[in-house]
Amino acid sequence: MISSNLLAVAASVPPTPVWSPTVGIIISVSSLVVLLLSTRIEKPLVGPKFPILPVSIPTFVAAMAFGHIIGVGIVLGLTNIGRL
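Residues numbered from 1 in each chain as written. Predicted model: local features only at pLDDT ≥ 70, side-chain atom pairs only at ≥ 80, totals over all residues. Heavy atoms only, no water.

J.: An account of the overall build of the protein chain is needed here, citing residue identities and associated values.
T.: Across its full length, the protein chain holds three helices and zero strands. The N-to-C order of helical and strand elements in the protein chain reads α-α-α. Counting every position in the protein chain, which comprises 84 residues, the buried fraction comes to 21%. Across the protein chain, every contact between residues at least 6 apart in sequence was considered, and the portion connecting residues at least 24 apart equals 52%. (Helix = DSSP H or I, 4+ residues; strand = E, 2+ residues; numbered from the N terminus. Buried < 20%, exposed > 50% of the residue type's maximum accessible area, 1.4 Å probe, protein only. Contact = heavy atoms within 4.5 Å.)

This is the structure in structure tokens:
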């Protein structure tokens, strides 16, 4: 039952790119941009302080997670239009 559902879905999955340095650069840049934007939130220093950056550790982890989500969206979007 489950395998037949997976086979039905597998036919409609769009092609995804293999990892390359371009994909890594896109995800890294998007994570960095989100981290820089996270310094503009109302209370970025709530929680344990990060020793180097002007944000707390929870803010840093959240910014990196959201940056990866944005980066994956950019990579999939560029792949879908044929630019990557």
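There's plenty left to go through after this.
J.: Please set out helix 2 (residues 21-38) residue by residue, giving values where relevant.
T.: For helix 2, which comprises 18 residues, the first-to-last C-alpha distance of 25 Å matches the rise-based estimate of 26 Å (1.5 Å per residue) to within 8%. Along helix 2, the residues classified as buried are Val23, Gly24, Ile26, Ile27, Ser30, Ser31, Val34, Leu35 and Ser38. An end-on view of helix 2 places all buried positions within 165° of arc, on one side of the element. Turned more than 90 degrees away from the buried face of helix 2 sit Pro21, Ile25 and Leu36, all of them exposed. Considering only its buried residues, helix 2 is in contact with helix 3 (57-80). (Expected span 1.5 Å × (residues − 1). Arc of directions from axis to C-beta.)

J.: So, the side chain of Thr59: which residues are in play, and what are the values?
T.: Note on placement: Thr59 falls in helix 3. Note on Thr59: relative accessible area 11%, which makes it buried. If sequence neighbours within four positions are ignored, Thr59 has contacts with Ser38, Ile41 and Pro44.

J.: Tell me about helix 3, and name the residues and values.
T.: When the terminal C-alpha atoms of helix 3 are compared, their 35 Å separation across 24 residues agrees well with the 34 Å that a helix rising 1.5 Å per residue should span. Listing the buried residues of helix 3 in full gives Thr59, Ala63, Gly67, Gly71, Val75 and Thr79. Of the surrounding elements, those touching the buried residues of helix 3 are helix 2. Looking one or two residues beyond helix 3, the residue adopting positive phi is Gly82, at roughly 85°.

J.: Outline the packing of helix 2 against helix 3, supporting the account with residue identities and numerical values.
T.: Contact geometry for helix 2 and helix 3: axes closest at 7 Å, N-to-C directions at 140°. On the basis of their axis angle, the class for helix 2 and helix 3 is oblique. Note on packing geometry: the crossing formed by helix 2 with helix 3 is right-handed. (Axes fitted to C-alpha atoms, helices over the stretch in contact; angles between N-to-C directions. Parallel < 35°, antiparallel > 145°, perpendicular 65-115°, else oblique. Left-handed = near helix turned anticlockwise from the far one by under 90°.)

As far as function goes, none of this settles anything; it's purely spatial.
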